[in-house]
Amino acid sequence: MTNLSRRDFLKVMGLGTVGLVGALALAGCGDGASKTGTNTGSDSANTGSSENTATGKTVENVVNEIPTTSQDSITFGASAAITTLQPYLGVGLVPTLITYGVYETLFAFGEDNTTLEPRLAKGVQTDDNLTYDVEIYDNIYDSNGNHITADDVVFSFHAYKESGVGLAKTESIEKTGDYSVRIVVVDNAIGTWDDTVRKTAIVSEKEYNASEDGFSTAPVGTGMYAVTEFKPGISLTVTKRDDYWQADESKRAFLASANMDELTQMVIAEASQLAVALQTGAIDLASIPQAVADPFMGNSDYAFFPLTAPLGLQVYFSGDAHSPVADNQKLRQAILYAIDVDAIITVAYDGYGERQYTFGPSAASDFQEKWRNEDYYNYDVDKAKALLEEAGYKPGELHLQILSIGAIDAWSKACQVMQQNLSAIGIDLEILNYEAALYGSYMNDGQYYDMLINNVTQNYLVTAWNAKLGAQNFGGKTCTSIDDPKLQELLKGCLFEENHTPENVDAFHSYLKEQAYAYGLCAPQNFTFAKKEVGMVEPYYDYIGGMYLPCCKYAGK
Amino acid sequence: MFKYFLKRLLWMIPIVLGVAIITFTLLYFTPGDPAYIILGSNATEVELENLRETLGVNQPYLVRLVKYLGDVFLRFDLGTSYSTKTSVTGELIYRLPNTLLLTIASLAISVLIGLPLGVTAAVNQNRLGDRVSMLLALLGVSMPSFWLAMLLVILFAVKLHWLPAMGVGGLKYWILPALSGSTGGIASIARQTRSSMLEVIRSDYVTTARAKGVKERNVIYGHALPNALIPIITLVGTQFGMMLGGTLILENIFGIPGVGSYLTTAVSSRDYPVVQGGVVFLAICFSFCMLMVDMIYALVDPRIKAQYEGKKGK
Amino acid sequence: MAITKNTNEMPFLQIKDLVVEYTSDGETIHAVNGVDLSLRRGETLGLVGETGAGKTTIAKSILRILPDRSAKICGGEIFVNGKDLLKLSEPEIQQIRGNEIAMIFQDPMTALNPVKRVGDQIAEVIRIHNSISPAEVEKRAKEMLELVGIPAQRFREYPHQFSGGMKQRVVIAIALACNPDLLLADEPTTALDVTIQAQVLDMIADLKKQKNSSMIMITHDLGVVAEVCDQVGIIYAGEIVEYGSKEQIFDHPTHPYTIGLFGAIPDMNEDEEWLHPIEGLPPDPTNLPQGCAFNPRCPYATEECRKGKIPFAETPDGHLSRCLHTAEVLKKEANA
C-alpha cells in the first residue's frame, strides 16, 4: 500500500472486478457461444422435408432415428404448476395425465381430435341434437372399486356445473335407468354436445364426498392410470392400472390408451431450467421454447418433435362507437394490409411459426384448404396506403390503442411489430400492455381499445367463431362490441349440426374477411425434445396441441 | 420479561386486523377479473358472469369484508382458493417449510460469510483487507440472485454434475438455492457489521480486554462483536421477514413450491382469498419474527433485557 | 541519559528514549518524544501533566495496546525485568499483559464490557494466565470481588447494575487479579465522585502494598501524587521535563512548567480571588516548538531555549530538570 497510491489501488481493484464479473459471464455464456454452429447443424439435420415457404421456417416431418426399444417410465418437465388434482377446475390447472389418464368422461375425442368416441358411454341416441339418451357400461369401477352408475353421472354433471367453472351448456340431466341418463343441452351448435360430454369427469359420488379435499391430492377415477405419488408444486407420478374396468381392448377409447407404464411430470417453471433439466438427464422429455432449444437442435441424442400449435394469435377491431375503426371497413382493411405477418412470426416466435388463413387454427377440422391460396390481407403497404386514403384519413392523423398482456412475450412482440407496420402508413399505435387479470376485465368491452390481440383454441373453426363473435355470448354483440346482424345470421347459418356445410362455413369466412372485424395472424411452432432412450416413435397431441404421452407410440410397445 | 412479550403478542391482534382490512380493501379496488384467468381466452361472457356469481366477487364491499374478517378472526379460516379450490391455510402450511428452509439456509450462509467479512473489513479499516471485503460485498449486492442462480446451475449442474439443478429433496438440493439467495444478505450484513464494528472496536472495554492479555481473535470475536450485534440482528431479522415472501424468483428457478411463488401467482390471477390469506399469514410470521428479534436482543444485551423487565437494578 | 541514580541496582522498569507518533488525516502527532524513566520494585512513580501531554500513551506503550492503526512506536526500548517488551512477539506480550503488567483505566463507565457479567470479566484474566480449573477460577474471581469490597453474590451481575465507583473497583480487581509486578493506573479517580476518590486511592495503595507491586500513577492531580507516589515525573509535550522524588519535586520545583503547575493550585490558606493558570496554551503536538517545547509560555525563555533539545541538568538538591536557566529560576523563586 505504500508504493501504490490509493487511487491506483482502487483502479487495480476495479479492473479485478471487471475481470471477475467477465469471467463469470463467460462461464454463463459457454453454451451460447457455439450458437451459430449448432444452428447450422440443426438445419442440415432437419432437411427431411422442411418447408421454407412464405409462412416462415416451419420444421416439419423431421426424420428421427427410429429407436428399437423404449423405457418403461418417462419423467418429463412442464412449466405449469401442479397444485391440485381436482376434477372440476378451470383451464390448465390440472395436467392431462389426470384429466385424460385418471379421470374419464362419457365421450372423448378419437385420434383425429375431432370424432367423438364413446368412453364410459356405450351408446347414444338423439333425434334433434338437443336431447340425448346416453347409455353407459354396467361394469365401470373406479380405482377404489366403486361401481359407477347413472347416479354418479348425474352427480358429476351437477358438481361440475356448481363449481362455476363448468361450461354452462347443459340444460338438464336426469337418470333414466341404472345405467342410462338423458342429457339436454342448451343448443345444437357445433361443439356444444362435444364440450358437454367430453369435459365432465365422471367420478363416484360416494368416493368424492368421502374425500376431504375434493380429490385435490388423492383423486380416484376410472381411468387407465392411478396417482402413485403427488408432491404438490413439485411432481406428479401416475402408474398404469392392471385392473382397468374395460377388459376388452377393442372397446377402449383412443384416449384410454396406456402405452407407458409410469409417467412423472415435474414442475419446472423456468424455460432455461427446463433445458438444463433435459441436458442433465433429470428429465427425459420436455417441450422447449425456441429461445433455449439450441443445445438440442440436430443433437443426435435427442429425438425432435415439432408441432404447429392449434392455438394462434388473432387481432380484433373494436365495434364501440368511440373508435375510428368501428364503422370504417376500409380503415380496418388498410390496417390489415399494413401488418407483416411474417415479421411477427420472426420476431414473436423466433421464426418458427405458420401464418393463418382465416380466423382460427388451420388444423381445425372444418378448415378449407382453398383458403391458403386466397389473398388474406397479404402484406402490401401500397394497398394499405391507398385504402387508408379511401377511408378518409391522412398519414399522421390516427392514434389507435391495442390491448395486450405484457407478460406474454409473444403477444407484446407481435404488438411491437404491428406498431412499426402501422407507423409505416402513418398510424400511431399505442400498446396497452396490461397484466392478465386486468386484460381479462377489459377484453370483452370494445370501449377500452381500438384493437385487441388474443388467441382462441378450438377443434372446429365455427366453435372458435362462436366463442368470440357469437352475439348470445356477449349481450347481442361480438366480444369486441361489434353489432352486425348479418355476421350473426351467417354464423348461425353454419354453427349447427344441420347447417355445418363447407359452403356455409366459407360464406362466414368470406364475410368476416371482407368486413375485417377480426383477423387470424399466425400460430407458433412448439418443439418437444425427447431423449433417444425414451424410444418415442410417434407423438400424439391433443386438440389444443399438448403432447399426451400415454397415447404416443413407443418402440417395442 | 414475560409480561412484556405477552403485551407484544396482544399487540399483534390489531396489527393483523389492520393488515387484513388494508389488503382486502386494496384488492377490492384493484381492477382485474379472476374469472378470466380461471376460464381462459375461450370463455364467453355468459360463462365468465356465471363464474363471478359463483365466486361471489359481485357482492358489495362491506358484505365481503365482514364475511372475510369473520372467517379469519372467528373461524381461523383463511378461505379457499378461487382457482384451485384448495384451502389457503393448508396450502400455506404445506409451502411454508420450503420457504423457511430456503430463507434460513440463505441467511445462515449470509451470516457465516458476511459477518467475518465485515469484521475483517473493520479490523483492517482502510487497508487491503477492508477494500477486498467491501469489494466482495459490493459484488454480492450488485449480482442479481437469479443471474447467480443460473451461473451456479450451469457450473455445478450442467458442467460438473455435482449438484441437482432443481427440485426438492435432500440437502444437496438446497445448496444452490441457498447460495444464490445469500448474496444480497452477505453484502448488507458485511456492511452493517463493518460499520457497527468500527464503532465498537474503539471502545475502552476492547482496550481493557487487550490489556488483560486476551488473544486478538478473542478480543474481536469475544469482546467487540457481541457489542456490535444489535444492529446486525435487526438487519437479519428484517431480511428474514422479507425473504419469507420474497424468494419468489429462486422458488421459480429451482422448482421449490414456496410461499412467494404461491402469492405472486395469486396476485396476477386475482385469487383474492389466497392473496389476502397469504398477506395476513406473512404479517403474522413477520410479527413473530420481530418478536424473536426482540428476544434475541435481550439475550445479547443485558441492558435491553433490564429494560424489558422494567428498570430493575440500575 | 539514564535517570537512575543508584546504578548498582538494575531497575525493575526502564524506559529508554521512547518515541511515539500518531497519524491522523496525514498529519503526524508527536505524542511521546524521547522519554526515559526507570522504576524499582515496589516503588510508585507519578506521571503528572496536562491532558494530551502523552502520559496515557507512555502507559499504553508499555503494554503495547496503542491503537495499531494510527499509533506507532518509532523508537526506544522498554525493559521490564530485563526483557525488552518492544521486541517481544504478540503471543509473548499477551502473556505479560494482565499478568505481569496490568492497567487500571481512566473511565470505569466505559472500561467494562457491557454485555459480559462482571464476574466473568474478572475470571477471564485469571483463566488466561493460570492453568487452573474453572471452579478454581471462579473462586479466585469471587475473592477478588470481595477484596475490592464488592459482595461475591454480585458475581453474576452486569456492569449496568453497578455504580461508577463499584465499576472502578471491578476494573481494579481485574488489574490486580494476577498479582501484577507493575500496575499502570491511568487517572483511576478522575471519573469518580470526590467522596469515592480517596477510598479508591487507599484501596489501590493497600492492594499494591499487599502484593508488593510497582506502580505508575498517571494523573494531573498533584494531590493524588502527594498521597501515593515515591517518584514524580513531570510531563510536558511528550517529554519528561522534571524528574525526582516526591519530596524533591514538591519542595523544590525547578522547571518553570512545574512551578507553573504548582502555581495553578489555589492555596487554601490564602484568600485568593483568581486562579493562576499557566499563561498560553499547550503546544500543538503536530507542530512542536523548536528546542524546549515550553519556551513560548516560559517567562525565562531565551534565544538559546529555541535551539536543539534541552538535556537534563542536575538541580542543587540532586533531581533532574530540563532547563537551561535553573539557577535563574531558583533565584527568582527564592525571592518570591
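Computed from a predicted structure; not experimentally measured.

## Things to note about the interface of chain B and chain A
The partner chain A presents 65 residues to the 51 residues of chain B that form the contact. Summed over both partners, the interface of chain B with chain A comes to about 4700 Å²; 64% of that surface belongs to carbon and sulfur atoms. Where chain B packs against chain A, one counts one salt bridge. Between Arg-270 of chain B and Glu-435 of chain A there is a salt bridge, with its nearest N and O atoms 2.1 Å apart. Grouping the amino acids of the side of chain B that touches chain A by side-chain chemistry returns 28 nonpolar, 14 polar and nine charged.

## Some thoughts on a nonpolar patch on the surface
All names here are of chain B. Residues Phe-2, Leu-6, Leu-9, Leu-10, Ile-13, Ile-284 and Phe-288 make up a contiguous nonpolar surface patch of roughly 680 Å² in combined accessible area. Of all the secondary structure elements, the ones that give two or more residues to the nonpolar patch are α1 (2-29) and α13 (272-300). By residue number, the principal contributor to the nonpolar patch is α1, which donates five residues.

## Topic: the sheet that holds strand β6 (residues 170-177) of chain A
Residue and element names in this part refer to chain A. Read across the open sheet, the four strands follow the order β4-β5-β7-β6; overall the sheet is antiparallel. Edge positions in the sheet fall to β4 (121-126) and β6, since each of these pairs with one other strand and no more. Adjacent strand axes in the sheet meet at a mean angle of 20° when their direction is disregarded. Pairing of β6 with strand β7 (residues 180-185) involves six bridges; the strand directions are antiparallel. Its bridge partner being in β7, Gly-177 is matched across the sheet by Ser-180. Each of β5 (131-136), β6 and β7 is contacted by helix α4 (residues 150-162), which is oriented at about 165° to β6, the strand it contacts most. Each of β4, β5, β6 and β7 is contacted by helix α5 (residues 192-199), which is oriented at about 135° to β7, the strand it contacts most.

## Regarding the environment of Pro-310 of chain A
With respect to the secondary-structure elements, Pro-310 of chain A resides in the loop between β12 (302-308) and β13 (313-317). On the basis of relative accessible area, Pro-310 of chain A is assigned to the buried category, the value being 10%.

## Concerning the interface of chain B and chain C
How large an interface is tends to be reported as the accessible area lost when its parts come together. Between chain B and chain C, the residue contacts involve 25 residues of the former and 27 residues of the latter. Counting the contacts that link chain B with chain C gives one salt bridge. In this structure, Glu-124 of chain C and Lys-212 of chain B form a salt bridge, with 3.0 Å as the shortest nitrogen-oxygen distance. Where chain B touches chain C, the interface holds 11 residue pairs in polar contact (both at pLDDT 80 or more). Every element with two or more residues in the side of chain B that touches chain C is listed here: α5 (88-123), α9 (204-211), α10 (216-246) and α14 (302-309) of chain B. Across the side of chain B that touches chain C, the residue classes tally to nine nonpolar, eight polar and eight charged.

## Some thoughts on the packing of aromatic side chains
Applying the stated criterion across every chain, the model contains 43 aromatic pairs over all chains. Their ring planes at 75° and their centres at 5.6 Å tell us that Phe-5 of chain B and Tyr-308 of chain B sit as a pair that is edge-to-face. Pair noted here: Phe-5 of chain B is in helix α1 and Tyr-308 of chain B is in helix α14, with a separation of 303 residues, a long-range link. Pair check on accessibility: Phe-5 of chain B and Tyr-308 of chain B agree, each one buried. Members of the aromatic cluster, connected to one another through ring pairs, are Tyr-88, Tyr-103, Phe-155, Tyr-160, Tyr-208 and Phe-215 of chain A. A cation sits over an aromatic face here: Arg-154 of chain C above Phe-162 of chain C, 4.6 Å from the ring centre. We note Arg-322 of chain C situated over the ring of Phe-312 of chain C; from NZ or CZ to the ring centre the distance is 4.1 Å.

## Structural notes on the pattern of salt bridges
Considering all chains together, one arrives at 41 salt bridges over all chains under this definition. Across the pair Lys-413 of chain A and Asp-409 of chain A runs a salt bridge, and its minimum N-O distance is 3.0 Å. Here the residue Lys-413 of chain A and the residue Asp-409 of chain A both occupy positions in helix α11 (residues 409-424), the gap between them amounting to four residues, near one helical turn. By relative accessible area, which is 28% here, Lys-413 of chain A ends up partly exposed. The exposure class assigned to Asp-409 of chain A is partly exposed, which follows from its relative accessible area of 46%. Salt-bridge contacts for Arg-303 of chain B lead to Asp-301 of chain B; the nearest nitrogen and oxygen are separated by 3.0 Å. In the salt-bridge network here, residues are joined through shared partners; they are Lys-169, Asp-195, Arg-198 and Lys-199 of chain A.

## Considering the pairing of strand β11 (residues 285-288) of chain A
Residue and element names in this part refer to chain A. When strand β1 (residues 73-78) meets β11, the two strands line up parallel, connected through two bridges. The residue of β11 that forms the bridge with Phe-76 is Leu-285. Where β11 and strand β18 (residues 518-531) come together, four bridges link them in antiparallel fashion. Along β18, the bridge assignment pairs Ala-286 with Phe-529.

## Focus on unusual backbone geometry
Unusually for a residue other than glycine, Asn-126 of chain B sits at a positive phi of about 65°. In this structure, Asn-126 of chain B sits in the loop between α5 and α6 (128-142). For Asn-126 of chain B, a relative accessible area of 41% puts it in the partly exposed group. Despite not being glycine, Asp-17 of chain C has its phi angle at roughly 45°, a positive value. Position of Asp-17 of chain C relative to the elements: it lies in strand β1 (residues 13-24).

## Structural notes on helix α7 (residues 145-159) of chain B
Given 3.6 residues per turn, any residue in an α-helix points the same way as the ones three and four places further on. Residues and elements named next belong to chain B. Compared with the 21 Å implied by 1.5 Å per residue over 15 residues, the 20 Å span of α7 between its first and last C-alpha is a close match. Remark: the principal bend of α7, roughly 25°, maps to Val-153. Every buried residue of α7 is listed here: Leu-148, Ala-149, Met-150, Leu-151, Leu-152, Val-153, Ile-154, Phe-156, Ala-157 and Val-158. In the stretch just after α7, His-161 is the one whose phi turns positive, near 60°.

## Brief notes about the state of the cysteines
Under the criterion given, the structure shown has zero disulfides over all chains. The structure places no disulfide on Cys-479 of chain A, whose sulfur is separated from the nearest cysteine sulfur, that of Cys-415 of chain A, by 15 Å. Here Cys-298 of chain C is not cross-linked by a disulfide; its sulfur's nearest cysteine counterpart is in Cys-323 of chain C, at 6.0 Å. For Cys-298 of chain C, a relative accessible area of 16% corresponds to the buried category.

Parameters and conventions
- Along each chain, the written sequence defines residue order, and numbers are assigned to residues from 1.
- To label them, take the chains in the order written and letter them from A, then take the ligands in the order written and number them from 1.
- Restriction of local features to residues with pLDDT of at least 70 applies here, the model being predicted, together with a cutoff of 80 or more for giving and counting side-chain atom pairs; totals for whole chains, interfaces and linings are based on all residues.
- Side-chain measures were taken over the full set of non-hydrogen atoms in the model, leaving aside hydrogen atoms and water.
- We call two residues in contact when some of their heavy atoms are within 4.5 Å.
- Joining two parts hides part of their accessible area as seen by a 1.4 Å probe, and the buried area is that hidden amount summed over both.
- Criterion for a salt bridge: a side-chain nitrogen of Lys or Arg within 4 Å of a carboxyl oxygen of Asp or Glu.
- The classification used treats Ala, Val, Leu, Ile, Met, Phe, Trp, Tyr, Cys and Pro as nonpolar, Asp, Glu, Lys and Arg as charged, and all other residues, Gly among them, as polar.
- Patch membership needs two things, relative accessible area over 30% and no salt bridge, and members are linked within 9 Å if like-charged or within 5 Å if nonpolar (Val, Leu, Ile, Met, Phe, Trp, Tyr).
- Only the protein chains shown count as cover for residues, and all accessible areas are computed by the Shrake-Rupley method using a 1.4 Å probe.
- Numbered from the N terminus, helices here are DSSP runs of H or I no shorter than four residues, and strands are runs of E no shorter than two.
- For two strands to be treated as a pair, DSSP must find no fewer than two bridges joining them.
- Whenever a helix is involved, its axis is fitted only over the stretch in contact; in every case the axis is a line through C-alpha atoms, and angles between N-to-C directions fall within 0 to 180 degrees.
- Exposure classes here rest on a 1.4 Å probe applied to the protein chains alone. A residue is buried below 20% of its type maximum, exposed above 50%, and partly exposed in between.
- What qualifies as a polar contact is a pair of N or O atoms within 3.5 Å, subject to a donor-acceptor requirement within protein and to the restriction that residues adjacent in sequence count only when both atoms come from side chains.
- Pairing of aromatic rings covers Phe, Tyr and Trp, the last through its six-membered ring, and needs centres within 6.5 Å; plane angles under 30 degrees mean stacked, over 60 mean edge-to-face, and all others mean tilted.
- Charge over a ring is defined by NZ of Lys or CZ of Arg lying within 6 Å of the ring centre and within 35 degrees of the ring normal.
- By definition here, a helix of n residues has an expected span of 1.5 Å times n minus one.
- One fitted axis covers the seven residues ending at a residue, a second covers the seven starting there, and the bend at that residue is the angle between these axes.
- Sulfur atoms of two cysteines make up a disulfide when they are within 2.5 Å.

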